[in-house]
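Below, each chain spelled out in residue letters.
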Amino acid sequence: MSIEINHLTFAYTQGGKKLEPTLNDLTFTIEEGHFLGIIGHTGSGKSTFIKHLNGLLPCEKGTVKVDGLDLSEKSERKKVRALVGVVFQYPEYQLFAETVAEDVAFGPKNMKLDEEEINARVTEAMHLVGLDPDRFSSRSPFDLSGGERRRAAIAGVLSMRPKYLVLDEPMAGLDPLGRREILALLEKLRAESGCTIIMISHSMDDIANHATQVLVLEKGAVCMYDTPENVFSHAEELQSIGLSVPNVTQICIELNKRGVAIPSSICKEDAFIEWFREEKAHA
Amino acid sequence: MRDITLGQFVAGNSVIHRLDPRTKIGMMILYIAMTFLVKKIWFLSIPFAYLIIELILSGISLRYILNSLKPVRFLLILMFILNLFFTKGEDVWLDLGFWKLTGEAFLQSCFLTLRIILLVAGASMLTLTTSPIALTDGLEKLLSPLKVFHFPAHELAMMMTIALRFVPTLMDESDKIRNAQMSRGADFESGNIFKRGKSMIPILIPLFVSSFRKADELAIAMESRCYHGGEGRTRMHQLKFRLIDLYAILITLAFLAAMIVTLILL
């Protein structure tokens, strides 16, 4: 099972006129079980792309198929929305219900599940994001702190038990602890329920350390789609389109310049530490 | 939702565009007075001629004027039909027993409908050639003499400016929230009117919350730049009454005078 994107092209209209295409002939497949990191300069079409993954924007040219369900069919969009959960930028601004539990239950309710199942899912989702249901269920979402609010909003998507979880800069505006908590949550989800994660981020370090695949978008087209090691070994190319490499890779490049033989494909912190230990053992 | 343009201002650099907004507001008031003074259908040609001259000078395409008439089209049709029924007359064109179509009724219907069309078209000439900001600036200046009676002219204009400024922002915001709730399976398209109304709650509440937040943030931003109301405040765009404004007013007055003369003579 996978998400298949085939020749997807999309252009916004303004004043009745088509603008330059925001997405230009995208073709690739997102395999189940991966952690896909999407990077690209502002305006490269990242956010527009994820709106196509659950049919919020119509497929004008090309197709998007989620587990074989074609998103150009209106009747299949609702089914897909239960499969693909989307967490938009600053999701805390979409909270609306009187209590956290009610807000988290909004998705499952729309799926027309029975009461018992809804309650089970709400408790599960709140546990997942680290909001103790006993303490938070009956509180107003507007009384929570910023980080708690963000987690409550993410719980509102997780309660639908999506098979594919799409997140648009989920860590924006959070402090380092908040960032680590969200990343740990994503890793846990992937390990425990096999949920496929698709995350947009501007942090090359987060992408390098967590993603199994990286998609680089440039002017609405696929620039690279490969493992983080392969993508981040193209440092100059990334820099030329306004991106950068993770800190670890930057260190490797600098070390290389100073005559240290270190493979330039290292981009994960763990891999770097391992290399260092080995070098030390050799010496 | 994205295609709604605010007001209907069409940017341009024509004589009409460059007039002081106060002049244009004054011209519109005189134009409305002129249109209301008309008693016979044939004299509608005077405000009509005025409108055509303004239209040509402004370089605005006729399409925009026709678009501005769209929202009132049902009112126009209704007025036309009602007047056909309720105007009494002698010159019978068609007799259906219970109702007679008379020449007078037809003329009266045409007259009232054309008058409304001219009024709406004239008013939209103002908003088509004046940016919302210039319009509120002009209104503030025009209303400022009322400050003597503690009329909050500056506050009113500032409120209008801020409200206009935030329409696109809120539109964008509601789009975002709508997308987020639709991703959670919300359905805004099916069900009866009550169900649909209720389905708007998940959009409206976040929208209200964010409006209050934005208002707070804006207040802080304004205060941190020493905003303290209208007193002693200077402006970036000074309104200047120039010779051309005088001509515009004089020409409009001439049309109004012509109208009054026709009234007296006939």
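All figures in this text were calculated on a predicted structure; none of them were measured in a lab.

Caption draft 1: Representation of the overall build of chain A in the model. Within chain A, the regular secondary structure consists of 13 helices and 12 strands. Taken against the 2.2 N^0.38 rule, which gives 19 Å for 283 residues, the C-alpha radius of gyration of chain A at 20 Å falls within 12% of a compact globule. Reported as C-alpha extents along the three principal axes, the dimensions of chain A are approximately 65 × 50 × 35 Å. Looking at the 283 residues of chain A, the share that counts as buried comes to 39%.

Caption draft 2: Molecular detail of the overall build of chain B. Scanning chain B for helices and strands turns up 11 helices and two strands. Seen in sequence order, chain B has helices and strands lined up from the N terminus as α-α-α-α-α-β-β-α-α-α-α-α-α. Principal-axis analysis of the C-alpha atoms gives chain B an extent of 70 × 55 × 40 Å. When each of the 266 residues of chain B is scored for burial, the buried share is 17%. Within chain B, residue pairs in contact and separated by at least 24 positions form 76% of the contacts whose partners lie at least 6 positions apart.

Caption draft 3: Geometry of the interface of chain B and chain A. Taken together, the contact pairs 16 residues of chain B with 20 residues of chain A. The element contributing the most residues to the side of chain B that touches chain A is helix 8 (residues 153-183) of chain B, with seven residues.

Caption draft 4: Representation of the packing of helix 5 (residues 73-86) of chain B against helix 6 (residues 103-129) of chain B in the model. Residue and element names in this part refer to chain B. Helix 6 packs onto helix 5 with a crossing angle of 155° between their chain directions and a minimal axis gap of 8 Å. The orientation of helix 5 relative to helix 6 falls into the category roughly antiparallel. In the crossing of helix 5 with helix 6, the sense of the turn from one axis to the other is right-handed. On helix 6, the residues that touch L76, M79, F80, N83 and L84 of helix 5 are A105, F106, Q108, S109, L112, T113, I116 and I117. Split by residue class, the contact of helix 5 with helix 6 holds nine nonpolar, four polar and no charged.

Caption draft 5: Here's a closer look at the pairing of strand 12 (residues 221-226) of chain A. All names here are of chain A. Summarising the sheet, strand 11 (residues 213-218) and strand 12 pair through five bridges and their orientation is antiparallel. Bridged to E218 within strand 12 is A221. Joining the antiparallel neighbours strand 11 and strand 12 is a turn of two residues, in which K219 adopts a positive phi near 50°.

Caption draft 6: Structural view of the domain arrangement of chain B. When the domains of chain B are assigned, the result is domain 1 (15-130 + 239-265) and domain 2 (144-223). Each of domain 1 of chain B and domain 2 of chain B has a C-alpha centre, and these two points are 35 Å apart.

Caption draft 7: Region of interest: helix 7 (residues 132-143) of chain B. A rise of 1.5 Å per residue sets the reference length of helix 7 of chain B, with its 12 residues, at 16 Å; its end C-alpha atoms lie 16 Å apart and thus fit the reference within 8%. Those residues of helix 7 of chain B lying buried are L135, T136, D137, G138 and E140 of chain B.

Caption draft 8: Molecular detail of the sheet that holds strand 7 (residues 69-70) of chain A. Residues and elements named next belong to chain A. One open sheet holds the four strands; their spatial order is 4-1-6-7, and the pairing between them is antiparallel. The open sheet has two free edges, formed respectively by strand 4 (23-31) and strand 7, since each of these has just one partner strand. In the sheet, strand 6 (residues 61-66) pairs with strand 7 via two bridges, with the strands oriented antiparallel. The residue of strand 7 that forms the bridge with V66 is L69.

Caption draft 9: Quick look at the sheet that holds strand 11 of chain A. Residues and elements named next belong to chain A. Pairing within the open sheet is mixed, and its six strands lie in the order 8-9-10-5-11-12. Every other strand in the sheet has two partners, leaving strand 8 (84-87) and strand 12 as the edge strands with one partner each. Taking each pair of neighbouring strands and ignoring which way they run, the sheet shows an average axis angle of 15°. Bridge count between strand 5 (residues 35-40) and strand 10 (residues 196-200): four bridges; the pairing is parallel. Along strand 10, the bridge assignment pairs L36 with I198.

Caption draft 10: Structural view of the nonpolar core. All names here are of chain A. Counting 76 residues, the largest nonpolar core has I38, V104, M126, A155, V166 and I197 as its most contacted members. Per-element accounting of this core gives the leading share, six residues, to helix 7 (residues 146-158). Setting aside residues no more than four positions away along its own chain, V104 makes contact with V122, A125, M126, A152, A155, G156 and S159.

Caption draft 11: Local environment of unusual backbone geometry. Residue and element names in this part refer to chain A. Of note, the phi angle at D67 is positive, near 50°, even though the residue is not glycine. Looking at the secondary structure, you find D67 in the loop between strand 6 and strand 7. Its identity is not glycine, yet R161 carries a phi of approximately 50°, on the positive side. Note on placement: R161 falls in the loop between helix 7 and strand 9 (164-168). Residue classification places R161 among the partly exposed residues on the basis of 18 C-beta atoms within 10 Å.

Caption draft 12: Region of interest: the packing of helix 2 (residues 21-37) of chain B against helix 6 of chain B. All names here are of chain B. Two numbers describe how helix 2 lies on helix 6: the axes approach to 10 Å, and their chain directions differ by 175°. Of the possible angle classes, the one that applies to helix 2 and helix 6 is roughly antiparallel. The segment helix 2 lies against helix 6, with K24, I25, M28, Y31, I32 and T35 engaging R115, L118, L119, G122, A123, L126 and T129. Here the residues of the contact of helix 2 with helix 6 sort into eight nonpolar, three polar and two charged.

Caption draft 13: Spotlight on the confidence of the model for chain B. With 97% of its residues at a pLDDT of at least 70, chain B reaches an overall mean of 87. With pTM at 0.78, the complex prediction returns an ipTM value of 0.88.

What counts, and at which threshold
- Residues numbered from 1 in each chain as written.
- Chains lettered and ligands numbered in written order.
- Predicted model: local features only at pLDDT ≥ 70, side-chain atom pairs only at ≥ 80, totals over all residues.
- Helix = DSSP H or I, 4+ residues; strand = E, 2+ residues; numbered from the N terminus.
- Rg over C-alpha atoms; globule rule 2.2 N^0.38 Å.
- Buried ≥ 20, exposed ≤ 12 C-beta atoms within 10 Å, placed from the backbone.
- Contact = placed C-beta atoms within 7 Å.
- Axes fitted to C-alpha atoms, helices over the stretch in contact; angles between N-to-C directions.
- Parallel < 35°, antiparallel > 145°, perpendicular 65-115°, else oblique.
- Left-handed = near helix turned anticlockwise from the far one by under 90°.
- Nonpolar A, V, L, I, M, F, W, Y, C, P; charged D, E, K, R; others polar.
- Pairing = 2+ DSSP bridges.
- Domains from an automatic or database assignment.
- Expected span 1.5 Å × (residues − 1).
- Core = buried A, V, L, I, M, F, W, Y, C linked by C-beta atoms within 7 Å.
- pLDDT = per-residue confidence, 0-100.

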